Amino acid sequence: MSVWSKKTIASLQVEALGEGQVTLKRTLGATNLTMLGIGAIIGAGIFVLTGTAAAQHAGPAIVLSFLLAGTGCLFAGLCYAEFASMIPIAGSAYTYGYATMGELVAWIIGWDLILEYLFASSTVAVGWSGYFTRLMADLGMPLPPALSNAPFTVEGTHTLVPTGAIINLPAVLLVLVLTALLVVGIRESARLNNLIVFIKVAIVFLVIGFGFMFVNTANWHPFIPENTGIKGEFGWSGVVAGAGVIFFAYIGFDAVSTAAQEAKNPQRDLPIGILASLGICTLLYVLMSLVMTGMVPFTELNVAEPVYVALNSAGPTLAWLKYAATIGAVAGLASVVLVMLMAQPRIFYAMARDGLLPPIFGKVHARFQTPWLATIITGIVAAAVAGLFPIGLLGQLVSIGTLFAFVIVCGGVLVLRYQRPDIPRPFRTPLVPFVPIMGVLVCGYLMWALPRDTWLRLIIWMALGISIYFLYGRRHSRLGIAEREAAAKAALR
Ligand code: ALA
């Protein structure tokens, strides 16, 4: 069997119906899917990274960085929407890869998506722990530092050194509690997500609305601060560097596509969920970054809680909003972790159903109708990573992994348009080939701009994944087994 063997679209569409098996439960409509997208998107990116990106790279022009990264994501989002409507199966980019570029590439994407979903849930859980610890201290119940910090930090670019702390317990507990919820049910999880999203979006609106009243337009001049002479420090190269950093803020709209088999009307609602969540968040990000850089000089935003600092500048009038924003961040980051922890097991589920991972990952709970074992395994690994490692090390790995998946999905749309123009596409990416090519170029460029060490980690991760494929997946692949059986039968005839 060839590593380039592809699954046919027809067989994938039959799988989506899932006849004769205990399958995932179809309960999600367009609103829930959009809320899942917003749940996954608004988080550490806007609440944590915006400040340093503005202070170190772009100044007030961080607004342009948001537009630039948002445009790259829009290209990718349009491509995801076409695939999601055409192949509405839980595996997302992994399944799209299987249909267009063959099994090995599919495996590579599936393995890569672990960097996105599993590692993003750990990364954001660490960010959440930071906000939660501050909130507890503000409420007069400080947590011991030894139990609320990572035991390791990164010195230089890759040396891990002990910090003296034991474990980041709040991050671990958050992951475990959300994992338990996800085992019990997708509908229950979606309900909690809706509530959290409502809180965080309401708070973002309040920050934008009240913040605008305290904007000093002098802070926006010069809008694009002059480059310091070093690439990436202000000027246009700073806008691009800023886009690379805050790209993280957009990650998550694609997680909507992993819920394909739990959507009531996936062909119509997945494109809505993906594009609506992306559009809403882009608008909120642009307004929010305008407000933050308008309230204080951007040089003051070089902190882990830029929203708090911006609101602080308004004095006692907005003191209440400062605390509300902290609660919004705590809620917001929790929903990111929730949706990422939802997405990962659904990729594992699809890979196990194809035989590329052990069957344990494909087990669906008879009563809850969730991929419960894959969810528990994901939760335990994500909790361990969140408990032990610092946020900086994880964040860039998540970005490079996600960008890589986006590049392949955009390329895949193009390939399939030429190879199989006949397949019905309930949603069609507009302006093909322009949109997919731009998706590949913009996302590829943002990847290229990431540090060399991050590339090295990606390559090591991929080498590990490819070894696992040749040791396990290739031999157990259902497609491979079927092809070998067919060849044996043909030989006997
Ligand atoms: N977009 C998500 C966040 O900003 C990953 O936290």
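Residues numbered from 1 in each chain as written. Predicted model: local features only at pLDDT ≥ 70, side-chain atom pairs only at ≥ 80, totals over all residues. Heavy atoms only, no water.

Draft legend 1. Broad picture of the site of the ligand. Taken together, the neighbourhood of the ligand is formed by Ala-40, Ile-41, Gly-43, Ala-44, Gly-45, Val-124, Phe-248, Ala-249, Ile-251 and Val-336. Between the ligand and the protein, one listed contact pairs an oxygen atom with a backbone N or O atom of Ala-44 at 2.7 Å. One of the backbone nitrogen or oxygen atoms of Gly-45 is found 2.7 Å away from an oxygen atom of the ligand. Contact with the protein chains hides 100% of the accessible area of the ligand, taken as 220 Å² for the molecule alone. The set of elements that each furnish at least two residues to the shell around the ligand consists of helix H2 (30-41) and helix H3 (44-58). (Near = heavy atom within 4 Å. Polar contact = N/O pair within 3.5 Å; in protein donor to acceptor, adjacent residues only side chain to side chain. Areas by Shrake-Rupley, 256 points an atom, 1.4 Å probe, with all protein chains shown as cover. Helix = DSSP H or I, 4+ residues; strand = E, 2+ residues; numbered from the N terminus.)

Draft legend 2. Structural view of the packing of H2 against helix H12 (residues 319-353). For the pair H2 and H12, interaxial distance at closest approach is 6 Å and the crossing angle is 115°. In terms of their interaxial angle, H2 and H12 are classed as roughly perpendicular. At the point where H2 passes H12, the crossing takes the left-handed sense. For the pair H2 and H12, the contacting residues are Leu-36, Gly-39 and Ala-40 in the first and Gly-332, Ser-335, Val-336, Val-339, Met-340 and Met-342 in the second. Of the residues in the contact of H2 with H12, the class split is six nonpolar, three polar and no charged. (Axes fitted to C-alpha atoms, helices over the stretch in contact; angles between N-to-C directions. Parallel < 35°, antiparallel > 145°, perpendicular 65-115°, else oblique. Left-handed = near helix turned anticlockwise from the far one by under 90°. Contact = heavy atoms within 4.5 Å. Nonpolar A, V, L, I, M, F, W, Y, C, P; charged D, E, K, R; others polar.)

Draft legend 3. Spatial organisation of the confidence of the model for the protein chain. In the predicted model, the protein chain carries a mean pLDDT of 86, and the fraction of residues at 70 or more is 96%. Predicted confidence in the protein chain is weakest over helix H1 (residues 9-17), with a mean pLDDT of 68, and strongest over helix H10 (residues 266-295), with 93. (pLDDT = per-residue confidence, 0-100.)

Draft legend 4. The state of the cysteines, seen in detail. Applying the stated criterion across every chain, the model contains zero disulfides. Unpaired in this structure, Cys-410 has its nearest cysteine sulfur neighbour in Cys-79, at a distance of 3.8 Å. (Disulfide = S-S within 2.5 Å.)

Draft legend 5. Structural context of the pattern of salt bridges. On inspection of all chains with the given rule, the structure shows seven salt bridges. A salt bridge links Glu-82 to Arg-425; its shortest N-O distance comes to 2.8 Å. Residue Glu-82 is located in helix H4 (residues 62-86), and its partner Arg-425 is located in the loop between helix H14 (391-419) and helix H15 (434-448); the two are separated by 343 residues in the primary sequence. Here Glu-82 falls in the buried class, since its relative accessible area comes to 1%. Residue Arg-425 is classed as buried on the basis of its relative accessible area, which comes to 7%. Here Glu-305 makes a salt bridge to Arg-134, at a shortest N to O gap of 3.0 Å. Here Arg-134 lies in helix H6 (residues 103-138) and Glu-305 lies in the loop between H10 and helix H11 (306-312), a separation of 171 residues in the sequence. Using a relative accessible area of 22% as the deciding quantity, one classes Glu-305 as partly exposed. (Salt bridge = Lys/Arg side-chain N within 4 Å of Asp/Glu carboxyl O. Buried < 20%, exposed > 50% of the residue type's maximum accessible area, 1.4 Å probe, protein only.)

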